[in-house]
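# What the coordinates show
The residues making up each chain are set out below.
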Amino acid sequence: MTLHLWLKYNVYIRVMKLESPYFKGNSVIASFATFIVSAFWHGFYPIYYVTFALMYMIQNGNDFLVKIKFYDYVDKRWWMKIIMSLYTETLFNGIGVFFFNLEWKMFVQACKNMYFTQFLFVFFIFS
């Protein structure tokens with residue numbers, strides 16, 4: 001079984017089926033638990049947890065944009081497609097840099113070199 005299927009069936013779906021009213025059917029908590037388990041599976045470097053937390057925030061931000069029908073607006077305007085493509089590429093390329101800097105000093109230096117743009121872009125969605 002591939003890892004993404006294992007995470008889906010053994011973490012995501014099980015958290016969704018928990019009997020607690022706080023967990024039952026709550027896809028936000030199930031998704032967060034899945035990302036944390038995935039970070040744990042990758043190793044015990046703190047950078048993995050930061051990276052997976054950012055990925056979780058990007059996923060939730062994307063879900064938010066879908067709910068407000070933002071992508072319907074983007075599909076009608078060619079210049080918005082370019083802006084969203086640049087936004088997505090900037091986020092994932094920056095997060096990829098974090099993923100390979102396993103030492104905390106290198107991580108902080110990479111953040112400084114990129115002026116913390118990944119964090120600003122992610123938090124821009126939630127503001």
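Fair warning: this is a prediction, and the values are worked out from it, not measured in the lab. (Residues numbered from 1 in each chain as written. Predicted model: local features only at pLDDT ≥ 70, side-chain atom pairs only at ≥ 80, totals over all residues. Heavy atoms only, no water.)

### Regarding the nonpolar core
Proteins that are soluble and globular tend to have nonpolar side chains buried together. Put simply, the rule is: For this analysis, a nonpolar core means a set of buried residues of the types Ala, Val, Leu, Ile, Met, Phe, Trp, Tyr and Cys, connected via side-chain atoms within 4.5 Å. For each residue, the accessible area found with a 1.4 Å probe, counting protein chains only, is set against the maximum for its type, and the residue is called buried under 20%, exposed over 50%, and partly exposed in between. Counting from the N terminus, the helices are DSSP H or I runs at least four residues long and the strands are E runs at least two residues long. Any two residues whose heavy atoms approach within 4.5 Å at even a single point are treated as in contact.
Core analysis: the biggest nonpolar cluster contains 16 residues, and Leu-54, Phe-98, Phe-107 and Phe-119 have the highest contact counts within it. Counting residues per element, the ones that place at least two in this core are α3 (46-67), α5 (78-100), α6 (104-113) and α7 (117-126). Among the elements that take part in this core, α5 stands out by supplying 6 residues, more than any other. Not counting residues up to four positions away in its chain, the partners in contact with Phe-98 are Ile-47, Thr-51, Leu-54, Phe-107, Cys-111, Met-114, Gln-118 and Phe-119.

### As for the packing of aromatic side chains
Short version of the rule: Only centres within 6.5 Å qualify two rings of Phe, Tyr or Trp (six-membered ring in Trp) as a pair; their planes then separate them into stacked at under 30 degrees, edge-to-face at over 60, and tilted for everything else.
Throughout the structure, instances matching the rule amount to 8 aromatic pairs. Arranged with centres 5.0 Å apart and planes meeting at 65°, the rings of Phe-32 and Tyr-56 form a pair that is edge-to-face. Highlighted residues: Phe-32 in helix α2 (residues 27-42) and Tyr-56 in helix α3, separated in sequence by 24 residues. Judged by relative accessible area, Phe-32 falls into the partly exposed class, the value being 38%. Residue Tyr-56 is classed as buried on the basis of its relative accessible area, which comes to 12%. Judged by centre distance (5.8 Å) and plane angle (85°), the ring pair of Tyr-45 and Tyr-48 falls under edge-to-face. Among the aromatic side chains, those forming a connected cluster through ring pairs are Phe-32, Phe-35, Phe-52 and Tyr-56.

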